[in-house]
Amino acid sequence: QILSLGAGLDSLYFRLKDMGVLHHTVVYEVDFPDVACQKATLIKGMKELSALVGDTGGEGIGAIAFSGDEYKLLGVDLSELSELERTLEEAGLNNEIPTLFIAEVVLTYMENTRSDALIQWAAEHFPRACFLLYEQVQPLDPFGRVMQQHFRRLSTALRSLALYPDCQAQHGRFLAKGWTECSVMDMNEFFTRCIPEDEQQRVQTLEPFDEYEEWHLKCSHYFVLAASKGMEPSWTPLSHSVTVPCHAGPVGVAGSVPAAVCAGLSGVPGLRRYGHRSVLVKPNVIVTTGGFGEEDGQHCRVRNFHVLSRRAGHWEASCVTQNVPGQRWGERLYHTVSHLSDTLALVVGGRTSPSSTGLGMLWLKFPETWAASGPDDIAVELVNQQPAAAAAALRWRHSTTEITFKGEQYLFVYGGRSALEPVLGDWHFLHTPELSCIVISVEGPVPESRHSHSACSWEGGVLIAGGLGAAEQPLGSVFLLRELERGLQWQTIETHPPLVPRYSHTAHVHEGKLLLVGGVWFHARSVPGVTVIDLMTGLCLDYGINVEHLEWPLMLHNHSSVFLPDEKELLVIGGGGNCFSFGTHLNPEPVLLSLSSILTSH
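Bear in mind that the values here come from a model prediction, so they are computed numbers and not experimental data.

Side note on the overall build of the protein chain
Part 1: Scanning the protein chain from terminus to terminus reveals 13 helices and 38 strands.
Part 2: Against the compact-globule benchmark of 25 Å for 602 residues, the protein chain has a radius of gyration of 28 Å, which places it among compact chains.
Part 3: On the principal axes, the C-alpha backbone points of the protein chain span a range of 85 × 50 × 45 Å.
Part 4: Sorting the 602 residues of the protein chain into buried and exposed places 55% on the buried side.

Put into structure tokens, the structure is as follows:
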């Protein structure tokens, strides 16, 4: 028997029956009486569905809205256990035969005393039973707060989260209510460890997709649980068919850094964006370009540039409107911007959508002298690319970093995604200023292909950290590309404890310390804050972010950040994303992170 609790308009029975896999099995579906009646009417109104359930043409009786040979539809409030038990018995449920309970985002809407009683009732009344549960966890981190806000707006609060906030609590819940075996994992782990590789690849190639952060965050906030009792042999549906290393998160948190709203930049709609880039073009002047965010009162790809300038310790923002033809700026996301001089920056790559790429390179030209309120204009010019350099620009979620070789300056374009390849591991050296593509021999262990990683210049070389790899798994490796006696060479930087794999973070170097800011990681009870890696010793320390002075959830992915070395501060601009389940969340204001205590302590 299969007993689907809160089945709603789920078509599971009809799909399984049509596939021919329901042999000698009766399916009972339970939901509120009005839902059950609506579903019964739909079934009777479609001959294909009626044929699958063996519709006899009779009307439902009492709480039994529909009764076929192997399909029963019951209209009962799940919180009324005595009524549920009576109606199931009336419909022919047999407590003595193996029974599978399914509850897909159902119990969390009930009062905890009622849902606990239902779990315990199922364990006590069915000697051979299994229970599959799917619902939400992790309510208190930034994504969890956005998730809760979404359900509260729908007047469907998630009641179970207060008592059962994580997978461990749900595991203990079922064991305490009479189930003898229980396994549980979040949906990131389920997808990577239980779904066959060929099925993963099939799903990943169904359509162009680039919302990795929101997909992984959503999966880390949902779990699947399988509990059983009296089953011989034991029932273990959550067996690991794919071997993937499971990262439990940071060993410990070394401390925290305070976050505060940057007062002078409050209320600037154009700074609410993600997938953008911010670059320090001269002391106390930052230019932010591209991304998806808020412009002219609507969410869209952002065309205008924003200039942030600080005078007498006070930040202010100005908007530089772009009226250039569409092919110039291209409204791009996930590009890079490299500051070459006080008057010049280079934009490389980016996309408008996952199927609209190949945006090339652009020069951004700034005036030599700026008005007090910022520049009146930023000239945008297409780069006349050499054919050999074109491949460097046909990508997004990549990095472009300055590197020195034999006394010459180059831009090192590495990794990312392209319209043809979901993840890239190649690199290109662009000689500045003419941007000719030069072939330079590189030795050493080649980094795994990746996108959404971080890259920083350090002592003439390039530091690459983290990223999302070919298996759509976050990476925890750190590589240094630098000039040695024999030429350019990749070196692995070993960290201890090991760096927790992550992607969609930002990075900076200060006095021999690599600072990783935010990002997305898997299988952890906390969210990434600021990680400090000592590049001499490899010591890796994680710091949380104290957000008690922020009135909104701080999303530290898809953001940009600028390090201000004199103040030992990080200015975080934008961040967030567009979640297909819970809508768009954009950090409403830039935030200052004070790092003086953790950089001094190192």
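A look at the sheet that holds strand E31 (residues 513-517)
Part 1: Across the sheet, which stays open at both edges, the eight strands sit in the order E30-E31-E32-E33-E9-E38-E35-E34 with mixed pairing between neighbours. A strand with exactly one partner marks an edge of an open sheet, and here the two such strands are strand E30 (506-510) and strand E34 (560-564). Geometrically, the sheet is characterised by an average inter-axis angle of 25° between neighbouring strands, direction not taken into account.
Part 2: Where strand E35 (residues 569-573) lies against strand E38 (residues 591-594), four bridges are found, and the strand directions are antiparallel. Among the inter-strand pairings, Leu571 is bridged to a residue of E38, identified as Leu592.

Quick look at the domain arrangement of the protein chain
Part 1: Partitioning the protein chain into domains gives domain 1 (2-229) and domain 2 (253-594).
Part 2: For domain 1 versus domain 2, the distance between C-alpha centres works out to 42 Å.
Part 3: Opposite the 30 residues of domain 1 that make contact, domain 2 presents 34 residues.
Part 4: Both faces combined, the contact of domain 1 with domain 2 buries some 2,800 Å², and carbon together with sulfur accounts for 59% of it.
Part 5: Three residues stand out in domain 1 for area buried against domain 2, namely Asp210, Tyr212 and Glu213, and they jointly supply 23% of the buried area on that side.
Part 6: Taken together, domain 1 and domain 2 are joined by four salt bridges.
Part 7: Across the pair Asp210 and Arg351 runs a salt bridge whose closest N-O atoms are separated by 2.7 Å.
Part 8: Across the domain 1-domain 2 interface, the total number found is 13 residue pairs in polar contact (both at pLDDT 80 or more).
Part 9: For the side of domain 1 that touches domain 2, the secondary-structure elements that each account for two or more residues are helix H6 (142-153), helix H8 (187-194) and helix H10 (212-220).
Part 10: A total of nine residues in the side of domain 1 that touches domain 2 trace back to one element, the largest contributor, which is H6.
Part 11: Counted by class, the side of domain 1 that touches domain 2 contains 11 nonpolar, eight polar and 11 charged residues.

Things to note about the confidence of the model for the protein chain
For any part of a model where pLDDT is low, the fine detail of the predicted coordinates should not be relied upon.
Part 1: The pLDDT averaged across the protein chain works out to 90; a share of 94% of its residues lies at or above 70.
Part 2: The low-confidence segment residues 241-245 (pLDDT under 50) makes 14 contacts with residues lying over four places distant or belonging to another chain.

A short note on the pattern of salt bridges
Part 1: Inspection of the entire model under this criterion finds 20 salt bridges.
Part 2: Overlapping salt bridges, with partners in common, bring together Asp210, Glu213, Arg351, Arg397 and Arg417 in one network.

Here we look at the packing of aromatic side chains
Part 1: In this structure the tally under the stated criterion is 26 aromatic pairs.
Part 2: The interplanar angle of 85° and the centroid separation of 5.3 Å between the aromatic rings of Tyr13 and Phe14 together place this pair among those described as edge-to-face. By the burial criterion, Tyr13 is buried, and Phe14 matches it.
Part 3: Measuring from ring centre to ring centre gives 5.8 Å for Phe191 and Trp215, while their planes differ by 90°; the resulting arrangement is edge-to-face. Taken together, the residues span a long stretch of sequence, with Phe191 in helix H8 and Trp215 in helix H10 at a distance of 24 residues.
Part 4: Among the residues examined, Trp215 registers a relative accessible area of 25% and is labelled partly exposed.
Part 5: Grouped by ring-pair contacts, the aromatic residues Tyr410, Phe412, Tyr414, Trp427, Phe429, Phe479 and Trp490 constitute a single cluster.
Part 6: The aromatic ring of Tyr222 is capped on one face by Lys218, whose charged end is 4.2 Å from the ring centroid.
Part 7: The cationic tip of Arg397 hangs over the ring face of Tyr334; the distance from NZ or CZ to the ring centre is 4.1 Å.

Conventions adopted
- Residues numbered from 1 in each chain as written.
- Predicted model: local features only at pLDDT ≥ 70, side-chain atom pairs only at ≥ 80, totals over all residues.
- Heavy atoms only, no water.
- Helix = DSSP H or I, 4+ residues; strand = E, 2+ residues; numbered from the N terminus.
- Rg over C-alpha atoms; globule rule 2.2 N^0.38 Å.
- Buried < 20%, exposed > 50% of the residue type's maximum accessible area, 1.4 Å probe, protein only.
- Pairing = 2+ DSSP bridges.
- Axes fitted to C-alpha atoms, helices over the stretch in contact; angles between N-to-C directions.
- Domains from an automatic or database assignment.
- Contact = heavy atoms within 4.5 Å.
- Buried area = accessible area lost by both parts, 1.4 Å probe.
- Salt bridge = Lys/Arg side-chain N within 4 Å of Asp/Glu carboxyl O.
- Polar contact = N/O pair within 3.5 Å; in protein donor to acceptor, adjacent residues only side chain to side chain.
- Nonpolar A, V, L, I, M, F, W, Y, C, P; charged D, E, K, R; others polar.
- pLDDT = per-residue confidence, 0-100.
- Phe/Tyr/Trp six-rings, centres within 6.5 Å; stacked < 30°, edge-to-face > 60°.
- Lys NZ or Arg CZ within 6 Å of the ring centre and 35° of its normal.

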